[in-house]
Amino acid sequence: MMKSPPANPQSTAQKQFLTILSREEALARFEDALFPRPVPVEERELSEALGFALAQDVTAPGDVPPFDRSNVDGFAVRAADLAAASELHPVRLRLNAETIACGHSPQLSVLPGTATAIATGGPLPRGADAIVMVEHTQPVEAGDIEVGRAVSPGQFVSGAGSDIARGEVVLRAGAIIGAREIGMLAACGTARVKVASKLRVAVLSTGDELVQPGKPLRPAGIYDANGPIICAAVTENGGEADFLGAFADDEARLEKAMRQALASHDVLVLSGGTSKGAGDVSYRIIERLGKPGIIAHGVALKPGKPLCLAVCDGKPVVILPGFPTSAMFTFHDMVVPVLRRMAGLPPRVDAQLDAQLPLRVASELGRTEFVMVSLVQGRDGLAAYATGKGSGAITSFTQADGFVRIEALSDHLPAGSKVPVTLFTPQLRVPDLVVIGSHCTGLDLVMSQLSRQGISVRSLAVGSLGGLAAAKRGECDLAPIHLFDPKTQTYNAPFLGEGLELVSGWRRMQGLVFRPGDARFERRSVEQAVQAALADPECLMVNRNQGAGTRILIDQLLGSARPDGYWNQPRSHNAVAAAVVQNRADWGVTIEPVARAAGLGFIPLMQEHYDFALVSQRGERPAVLAFLAALRSPDMEQALQRAGFSRSPDDE
Ligand code: AMP
Ligand code: MG
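Residues numbered from 1 in each chain as written. Chains lettered and ligands numbered in written order. Predicted model: local features only at pLDDT ≥ 70, side-chain atom pairs only at ≥ 80, totals over all residues. Heavy atoms only, no water.

The name an unreviewed UniProt entry gives the protein is Molybdopterin molybdenumtransferase, with Aquamicrobium soli as the organism. For the record of the protein, the UniProt heading Cofactor (unreviewed entry) holds the text "Mg(2+)". What UniProt states about the protein under its Pathway (unreviewed entry) heading is, verbatim, "Cofactor biosynthesis; molybdopterin biosynthesis." (UniProt positions renumbered as here; feature names shortened; annotations may be inferred.)

Okay, here's the thing in structure tokens:
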């Protein structure tokens with residue numbers, strides 16, 4: 001369904017900025033509207049309690065062990081009988097006519113001068129006060145034993161209640177029940193425990209564009225990432241997520257779905273449609289769902305400003321921003337604390353590490369900003385690289401180790417700042433090999449081979465120049481680069497500084513791409529193709545960003561011409577191919593593997609050299625040697641060739 005744009009975009013935008021609250025203020029108001037409230041409690045069998053939080057302290061109903069118990073196989077004795085025993089003068093004891101096994105109560109007393117055979121775990125008989133190990137005794141005739149050493153009272157005996165004493169608090173409310181807790185409860189004889197009920201959280205995505213993963217993507221469609229992300233995050237935080245699907249921005253249908261969801265769940269979490277634009281309807285519906293309604297709409301967070309927090313008749317209703325990274329951050333920062341408190345769970349504790357920022361990080365004044373970072377080992381401590389590609393990027397998540405929070409009052413963090421990094425995972429594993437620079441799908445082939453050898457690798461795509469800078473700072477082992485020097489007409493070598501050496505990588509054929517069958521380009525030389533393109537006023541090009549090696553080639557091809565599309569300057573080979581495939585442009589320049597994968601026509605132009613600047617000092621590290629070996633292996637040569645790269649320096 002098509003919607004008309006807002007009649008007056010100005011007023012719509014203003015409406016959105018009037019009510020921005022600080023992060024702290026929004027959170028405080030949200031909590032005030034929800035708490036205090038009792039934590040919902042249920043009783044569960046131990047076997048069904050895994051992962052739940054205890055709702056109350058558990059005290060031991062009895063002693064563990066319940067009786068004095070032998071820790072070894074041996075004989076129950078009176079220590080006083082053996083006070084004078086030694087190797088030279090062993091003491092003889094008469095054996096009582098029973099053997100105490102586990103689970104059997106002793107029948108006979110151990111009288112002075114006697115002993116009773118006892119197994120590990122057996123209950124101590126009346127009269128005995130210590131155990132002699134069987135190894136320290138000798139059987140003698142007539143069912144007697146000789147003991148060649150003295151024992152102290154209590155030797156090898158665990159007293160009743162020595163592990164857990166009756167009435168002792170063994171587990172506290174809020175403890176998450178894992179295998180160890182279950183063991184503890186079972187040992188105390190507890191079969192049922194009172195736990196906090198899991199919150200039932202309804203999750204719902206909104207947007208005309210959304211397609212569920214697994215289904216074919218239609219034109220202008222976007223896969224629903226938020227649904228799965230939020231469900232997983234709810235589960236990770238002890239809730240029970242119920243995904244209700246993605247709904248089009250249709251007010252009536254969405255309202256019905258939201259009402260139903262709220263009736264059968266404790267919490268409702270939506271994503272998308274929170275801006276106050278024409279297609280954004282969810283926040284309007286909230287006002288009709290219950291009191292007090294919207295608590296905060298617009299929070300000074302980055303990413304995540306459009307976050308909407310509401311409470312409808314005691315139940316939280318949240319609309320997360322549409323961009324997945326924004327949705328994730330706002331959910332963790334603003335919603336998780338509330339959900340955990342509602343569910344009687346302890347606050348989340350994320351691991352933190354200190355790291356240094358190699359580069360200045362700009363931040364918007366007035367908004368609490370979350371910047372995702374990748375950590376690498378620098379010369380003195382960890383270095384944190386910002387990985388964000390803007391709030392629309394999802395890859396940042398998988399490449400990042402954690403995030404840095406920049407407070408609202410700060411407009412930047414200078415290069416060299418020491419910052420606490422909150423980790424996404426409980427522990428950080430510093431990779432064996434770090435590669436920072438320009439990215440290439442060929443590099444993935446080499447890195448995958450290293451991974452299969454058990455070497456942990458990390459590659460950060462910051463462009464060739466960024467890679468060289470990182471290499472000079474000693475933050476990586478290798479910097480992949482493809483920099484063309486027009487003066488010397490050579491690649492890469494002129495750009496190396498002191499302490500760096502060139503490792504030759506592979507070549508990527510650059511060429512002109514077009515949709516197959518386009519007569520302006522089919523079976524033409526590059527010169528003819530460019531001429532045909534320039535001659536046709538309808539023909540639209542796609543360029544590359546300033547600084548890209550490909551851009552230098554394009555400018556050489558065009559001379560002084562500035563055809564339509566010149567100002568469309570995407571930053572990657574793939575974006576060029578996508579523009580041509582999707583008919584947003586008719587031609588552009590990209591590398592052959594990308595052109596092939598996209599099914600485009602390709603006219604070869606020039607080979608680009610993709611090499612590595614190796615930090616000389618690191619050349620002997622095992623992971624670097626493994627990288628070089630992998631790079632040079634015949635297998636890799638073939639794999640690179642299959643992927644459209646060539647190792648042979650045939651254009652020198
Ligand atoms: P909205 O807040 O609805 O204006 O959405 C902002 C951006 O997030 C748009 O680019 C949406 O396509 C995108 N978006 C919204 N919901 C989702 C979702 N569930 N998964 C992935 N992207 C989404
Ligand atoms: Mg939307």
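**Q** Please clarify how the side chain of Asp586 should be interpreted in this entry.
**A** Positionally, Asp586 belongs in the loop between helix H13 (573–581) and strand S35 (587–591). The exposure class assigned to Asp586 is buried, which follows from its relative accessible area of 9%. Not counting residues up to four positions away in its chain, the partners in contact with Asp586 are Val513, Phe514, Arg515, Arg520, Phe521, Glu538, Cys539, Leu540 and Val580. (Helix = DSSP H or I, 4+ residues; strand = E, 2+ residues; numbered from the N terminus. Buried < 20%, exposed > 50% of the residue type's maximum accessible area, 1.4 Å probe, protein only. Contact = heavy atoms within 4.5 Å.)

**Q** What is the right way to look at the site of ligand 1 in this model?
**A** Lining the immediate surroundings of ligand 1 are 15 residues, of which Glu209, Asp224, Ala225, Gly273 and Gly322 lie closest. Here Asn226 contributes a backbone N or O atom positioned 3.4 Å from a nitrogen atom of ligand 1. Within the complex, 79% of the 490 Å² of free accessible area of ligand 1 lies under protein. Sorting the residues of the shell around ligand 1 by element identifies strand S13 (200–206) and strand S15 (222–223) as the ones contributing at least two each. Class assignment of the residues belonging to the shell around ligand 1 gives a composition of six nonpolar, seven polar and two charged. (Near = heavy atom within 4 Å. Polar contact = N/O pair within 3.5 Å; in protein donor to acceptor, adjacent residues only side chain to side chain. Areas by Shrake-Rupley, 256 points an atom, 1.4 Å probe, with all protein chains shown as cover. Nonpolar A, V, L, I, M, F, W, Y, C, P; charged D, E, K, R; others polar.)

**Q** Looking at this model, I keep getting lost on the sheet that holds strand S8 (residues 137–140). Mind explaining?
**A** In a beta sheet, neighbouring strands pair by backbone hydrogen bonds and run either parallel or antiparallel. Strand order in the open sheet formed by six strands is S7-S4-S6-S5-S9-S8, with mixed pairing between adjacent strands. In this open sheet, the two strands that pair with only one neighbour each are strand S7 (130–133) and S8. Across the sheet, the axes of successive neighbouring strands diverge by a mean angle of 40 degrees, strand direction being ignored. As judged from the four bridges shared by strand S4 (residues 74–77) and S7, these two strands associate in the antiparallel manner. Opposite Ala76, over in S7, you have Ile131 as the bridge partner. (Pairing = 2+ DSSP bridges. Axes fitted to C-alpha atoms, helices over the stretch in contact; angles between N-to-C directions.)

**Q** How should I be thinking about the side chain of Asn492 in this particular structure?
**A** Structurally, Asn492 is set in the loop between strand S33 (490–491) and strand S34 (500–514). Residue Asn492 is classed as buried on the basis of its relative accessible area of 0%. A polar atom in the side chain of Asn492 sits 3.3 Å from the backbone oxygen of Ile481. Here the side chain of Asn492 touches Leu483 through a polar contact of 2.6 Å, landing on its backbone nitrogen. Excluding residues within four positions of it along the chain, Asn492 makes contact with Ile481, His482, Leu483, Leu502, His609, Tyr610 and Asp611.

**Q** I would appreciate a short explanation of unusual backbone geometry in the present structure.
**A** When glycine is set aside, most residues are seen to have a negative phi, and most peptide bonds are trans. Omega for the peptide link from Lys291 to Pro292 comes to -5 degrees, which places this bond in the cis form. The residue Pro292 is located in strand S18 (residues 292–297) in this model. Here the bond from Lys302 into Pro303 is cis, since omega is -5 degrees, no more than 30 degrees from zero. One can find Pro303 in the loop between strand S19 (301–302) and strand S20 (308–312).

**Q** Hey, could you run me through the packing of aromatic side chains in this one?
**A** Each aromatic ring pair is specified by the distance between its two centres and by the angle formed by the two planes. Counting across every chain of the model gives 13 aromatic pairs. Centroid distance Phe370 to Phe403: 5.6 Å. Interplanar angle 80 degrees. Geometry classified as edge-to-face. You can see Phe370 sitting in strand S24 (residues 368–378) and its partner Phe403 sitting in strand S26 (residues 402–406), a full 33 residues away along the chain. Of the residues examined, Phe403 reaches a relative accessible area of 15% and is grouped as buried. On the numbers, 5.9 Å between centres and 45 degrees between planes, the contact of Phe403 with Phe424 is tilted. You can see Phe403 sitting in strand S26 and its partner Phe424 sitting in the loop between strand S28 (418–423) and strand S29 (433–437), a full 21 residues away along the chain. Phe424 sits in the partly exposed class, given a relative accessible area of 30%. Joined through ring pairs, the aromatic side chains of Trp506, Tyr610, Phe612, Phe627 and Phe645 make up one cluster. The ring of Phe52 has Lys198 sitting right over it, with the charged end atom 4.8 Å from the ring centre. (Phe/Tyr/Trp six-rings, centres within 6.5 Å; stacked < 30°, edge-to-face > 60°. Lys NZ or Arg CZ within 6 Å of the ring centre and 35° of its normal.)

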